Amino acid sequence: QVHLMESGGGLVQAGDSLRLSCAASGRTFRWRNMGWFRQAPGKEREFVAHIRWSDGSTSYADSVKGRFTISRDNAKNTVYLQMNSLKPEDTAVYYCAAARSGGTWSPTVYTYDTWGQGTQVTVSS
């Protein structure tokens, strides 16, 4: 069983950077594919980024590609999301998630079965 807790959110101005952290508990963390999602008010939760445990390969939503970077440190049981060149449209609650074991991955909420409580990111113009 993996438990997740996000931190690092806050209020920033457009163009600034933030780094979100997701601390995981549980011995199986290092074998779990991990993702970041976000949800803005009145909108559905959307995929942001994903990282595989086996080879560290990554995937990104088109809206964040080139600006955001997902990484993981298995020794610290932590996943990071480095967010650069932030825009007001990046404002949302950001969630860390652990993917289901097995099956085919897709950039949807259905691929993930464990979620953190979320951290608010607000970008002012």
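Residues numbered from 1 in each chain as written. Predicted model: local features only at pLDDT ≥ 70, side-chain atom pairs only at ≥ 80, totals over all residues. Heavy atoms only, no water.

1. Topic: the sheet that holds strand β7 (residues 68-73)
Reading across from one edge, β1-β3-β8-β7 is the order of the four strands in this open sheet, with antiparallel pairing throughout. One side of each edge strand has no neighbouring strand; the edge strands of this open sheet are β1 (3-7) and β7. Strand-to-strand twist of the sheet, defined as the mean angle between neighbouring strand axes without regard to direction, takes the value 15°. Relative to strand β8 (residues 78-83), strand β3 (residues 18-25) is paired through six bridges, and the arrangement is antiparallel. Within β8, the residue paired with Ala23 across the bridge is Thr78. (Pairing = 2+ DSSP bridges. Helix = DSSP H or I, 4+ residues; strand = E, 2+ residues; numbered from the N terminus. Axes fitted to C-alpha atoms, helices over the stretch in contact; angles between N-to-C directions.)

2. Digging into the state of the cysteines
Under the counting rule described, the total for this entry stands at one disulfide. Here Cys22 is linked by a disulfide to Cys96, with a sulfur-sulfur distance of 2.1 Å. When the S-S torsion is -75°, as for the bridge of Cys22 with Cys96, the disulfide is left-handed. With Cys22 in strand β3 and Cys96 in strand β9 (residues 92-99), this residue pair connects regions lying 74 residues apart in the sequence. Across this residue pair, the class does not change: Cys22 and Cys96 are buried. (Disulfide = S-S within 2.5 Å. Buried < 20%, exposed > 50% of the residue type's maximum accessible area, 1.4 Å probe, protein only.)

3. Re the packing of aromatic side chains
Under the defined criterion, the tally for this structure stands at five aromatic pairs. Measuring from centroid to centroid gives 5.0 Å for Phe37 and Tyr112, while their planes differ by 80°, and the two rings are edge-to-face. Separated by 75 residues along the polypeptide, Phe37 in strand β4 (residues 34-39) and Tyr112 in strand β10 (residues 112-115) bring together distant segments of the chain. The two residues Phe37 and Tyr112 agree in class, both being buried. Seen in terms of ring centroids, Phe37 and Trp115 are 5.1 Å apart; in terms of plane orientation they differ by 65°. Their pairing is edge-to-face. With Phe37 in strand β4 and Trp115 in strand β10, this pair connects stretches of sequence that are 78 residues apart. The buried category is assigned to Phe37, whose relative accessible area is 0%. Taking relative accessible area as the criterion, Trp115 reaches 27% and is therefore assigned partly exposed. (Phe/Tyr/Trp six-rings, centres within 6.5 Å; stacked < 30°, edge-to-face > 60°.)

4. Digging into the nonpolar core
Counting residues in hydrophobic clusters, the biggest one holds 33 residues, and the most contacted among them are Met34, Trp36, Leu81, Met83 and Tyr94. Listed by contribution, the elements that provide at least two residues to this core are β3, β4, β5 (46-51), β7, β8, β9 and β11 (119-124). Considering each element in turn, this core owes the most residues, six residues, to β9. With residues up to four places along the chain from it excluded, the contact list for Tyr94 reads Glu6, Leu20, Trp36, Phe37, Arg38, Val48, Phe68, Leu81, Met83, Gly118, Thr119 and Val121. (Core = buried A, V, L, I, M, F, W, Y, C linked by side-chain atoms within 4.5 Å. Contact = heavy atoms within 4.5 Å.)

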